[in-house]
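Here's the letter readout for the chains.
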Amino acid sequence: MLTIKNLNAWYGTSHILQNVSLEVQRGEVVSLLGRNGAGKTTTIKSVMGLLKKTSGEVSFKGVNLLGLAAHQRFGLGLAYVPEERRIVPGMTVLENLRLGIVASGKMAQEKDIIDRIAETFPRLKERLGQTAVTMSGGEQQMLAIARATAADPDMILLDEPSEGIMPVLVDEMFELFQQLKRQGKTILLVEQSVEAALGISDRAYVLDQGGIVYTERADAMLADPEIQERYCAV
Ligand code: ATP
């Protein structure tokens, strides 16, 4: 579904990504792991069209993405939940969700979309009228993820969703990702919680200093603490 071949990316004159190649098949959950500064966020931002200078090939559902604006990529069925959640703190949960629905142009189906989200995210269902800023960090992250699913995307790119969130909500969040997978969503997950990420993934890639240095099935990697230590210890 997503194919990246020989992706290079720069910030100014710094050459950050060097010939990154990876693939995510339809219905797969794939983790992108690596130490701080390895290039994980840069890879995701390149896929979403948020970097000024990139080269190589990035295709989604057979469509070449490089050259398309970020909103056009979103329109193809790609959703992105950035590290900084970017929900609107002064708006209610429902109003934030409506923003996602408006962005996807599906206003006519608003009621059905809200019902579907409420079913998938029971924690939000109880809080539709609550102002987003009054929710915990984990609940705000759930809202950011829920809003990203409002457009019913085929694929979701998640950048460190568990960062700074209390453990009980992290468990709930990973259960939610499994549920999204069961609904047929394809997921590319950037995570520092390596074990949790591998626990719900089919496969994983490891980035180090801007290049892919390792790829393996998630269950095999989960059973190999030495590999996790070598490539992913912060
Ligand atoms: P983390 O887990 O810390 O978020 P990461 O693997 O996501 O790490 P990136 O954020 O992709 O890493 O950063 C890769 C490299 O690019 C780092 O060396 C970082 O300093 C550099 N970098 C990131 N953003 C910028 C920027 N806006 N301008 C210049 N350099 C940047």
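Procedures and definitions
Per chain, the residues get numbers from 1 upward, laid out in the order the sequence is written. Only residues with pLDDT of at least 70 get local features here, since the model is predicted, and only at 80 or more are side-chain atom pairs given and counted; chain-wide, interface and lining totals rely on the full set of residues. With hydrogens and water excluded, all non-hydrogen atoms of the structure serve as input to the side-chain values. Accessible area is worked out with a 1.4 Å probe on protein chains only. A residue is then buried under 20% of its type maximum, exposed over 50%, and partly exposed in between. Only DSSP runs of H or I covering at least 4 residues are called helices, and only runs of E covering at least 2 are called strands; the numbering of each starts at the N terminus. For each residue, the test is whether any non-hydrogen atom lies within 4 Å of the molecule or strand; if one does, the residue is near. By the criterion applied in these results, polar contacts are pairs of N or O atoms within 3.5 Å in which, for protein atoms, one can donate a hydrogen and the other can accept it, and in which residues neighboring in sequence qualify only through two side-chain atoms. In this classification, Asp, Glu, Lys and Arg are treated as charged, Ala, Val, Leu, Ile, Met, Phe, Trp, Tyr, Cys and Pro as nonpolar, and every other residue, Gly included, as polar. Here, nonpolar core means buried Ala, Val, Leu, Ile, Met, Phe, Trp, Tyr and Cys residues that are tied together by side-chain atoms lying within 4.5 Å of each other. We call two residues contacting when some pair of their heavy atoms lies within 4.5 Å. Confidence scores here are pLDDT values: one per residue, from the predictor, ranging 0 to 100. Pairing between strands requires that DSSP locate at least two bridges from one strand to the other. Axes here refer to lines fitted to C-alpha atoms; in helices the fit is confined to the stretch in contact. Angles between the N-to-C directions go from 0 to 180 degrees. Each crossing gets its hand from how the near helix is turned against the far one by less than a right angle, where anticlockwise is left-handed and clockwise is right-handed. Cavity means a closed set of points on a 1 Å grid over the protein atoms alone, one where a 1.4 Å probe fits but cannot get out, pocket means an open set with protein on both sides within 12 Å along at least 5 of 7 lines, and lining means a residue has an atom within 4 Å of a point. Grid points are joined across faces, edges and corners, and a volume is the space filled by probe spheres set on the points.

**Q** Whenever I open this one, helix H1 (residues 40-48) confuses me. Can you help?
**A** One turn of an α-helix holds 3.6 residues; hence residues three or four places apart share an orientation. Burial of H1 is extensive: seven of the nine residues sit out of reach of the surface. A positive backbone phi angle near 80° is found at glycine 49, which sits one or two residues after H1.

**Q** Mind showing me how you'd approach the site of the ligand here?
**A** The ligand sits among 13 residues. The nearest are Gly37, Gly39, Lys40, Thr41 and Thr42. One of the backbone N or O atoms of alanine 38 is found 3.1 Å from an oxygen atom in the ligand. Measuring from an oxygen atom of the ligand, one finds a side-chain N or O atom of lysine 40 at 2.8 Å. The element contributing the most residues to the shell around the ligand is H1, with three residues. In the shell around the ligand, the residues fall into three nonpolar, six polar and four charged.

**Q** So what exactly am I meant to see when it comes to the nonpolar core here?
**A** If you look at soluble globular proteins, the nonpolar side chains tend to sit buried side by side. Core analysis: the biggest nonpolar cluster contains 46 residues, and Leu33, Ile145, Phe177 and Met221 have the highest contact counts within it. The element that contributes the greatest number of residues to this core is helix H7 (residues 167-182), accounting for seven residues. Sequence-distant contacts of isoleucine 145, that is, excluding residues within four places in its chain, are made with Val81, Phe121, Leu158, Met173, Leu176, Phe177 and Leu180. One finds Ala38, Met48, Leu51 and Tyr205 within the second-largest nonpolar core, a separate group that totals 28 residues.

**Q** I'm lost on the confidence of the model for the protein in this one. Help?
**A** Parts of the prediction with low pLDDT should not have their coordinates interpreted in detail. A residue-level look at the protein finds 100% of positions with pLDDT of 70 or above and a mean pLDDT of 92. Model confidence for the complex: the whole-complex pTM is 0.92, and ipTM, which rates the interface, is 0.93.

**Q** How should the sheet that holds strand E2 (residues 14-24) be read in this particular structure?
**A** Backbone-to-backbone hydrogen bonds join strands into a sheet, with any given pair of strands oriented parallel or antiparallel. As summarised here, the arrangement of the four strands in space is E2-E1-E4-E5, forming an open sheet in which the pairing is antiparallel. The strands lining the two open edges of the sheet, one partner per strand, are E2 and strand E5 (63-64). The sheet contact formed by strand E1 (residues 2-11) and E2 spans seven bridges and is antiparallel. Along E2, the bridge assignment pairs tyrosine 11 with serine 14. H1 contacts E1, E2 and strand E4 (53-60) of the sheet and is inclined by roughly 110° relative to E1.

**Q** Looking at this model, I keep getting lost on the packing of helix H3 (residues 93-104) against helix H6 (residues 137-149). Mind explaining?
**A** To describe two helices that pack against each other, one gives the angle between their axes and the distance between the axes. Put simply, H3 and H6 touch, their axes get as near as 8 Å, and they point 35° apart. Every pair of crossing elements has a handedness; the one defined by H3 and H6 is right-handed. Listed contacts from H6 to Val93, Asn96, Leu97, Leu99 and Gly100 of H3 are Leu143, Ala146 and Arg147. Looking at side-chain class alone, the contact of H3 with H6 contains five nonpolar, two polar and one charged residues.

**Q** What am I meant to see in unusual backbone geometry here?
**A** Peptide bonds are mostly trans, and most non-glycine residues show a negative phi. Positive phi is not limited to glycine here, since asparagine 19 has a value of about 55°. Position of asparagine 19 relative to the elements: it lies in strand E2. Located in the positive-phi region is glutamine 209, a residue other than glycine, with phi close to 45°. With respect to the element layout, glutamine 209 can be found in the loop between strand E9 (203-208) and strand E10 (211-217). Given the relative accessible area of 68%, glutamine 209 is considered exposed.

**Q** What is the right way to read the layout of surface pockets from this model?
**A** Any empty space left between the atoms is revealed when a probe the size of a water molecule rolls over them. Quantified by volume, the largest pocket comes out at close to 430 Å³. Together, 19 residues line the largest pocket, and Phe74, Tyr80, Pro82, Arg86 and Arg147 are the ones closest to its centre. Looking at the lining of the largest pocket, the elements that each hand over two or more residues are helix H2 (70-75), strand E6 (78-81), H3 and H6. If one sorts the elements of the lining of the largest pocket by residue count, E6 sits on top with four residues. Of the residues that constitute the lining of the largest pocket, the class distribution is 14 nonpolar, two polar and three charged.

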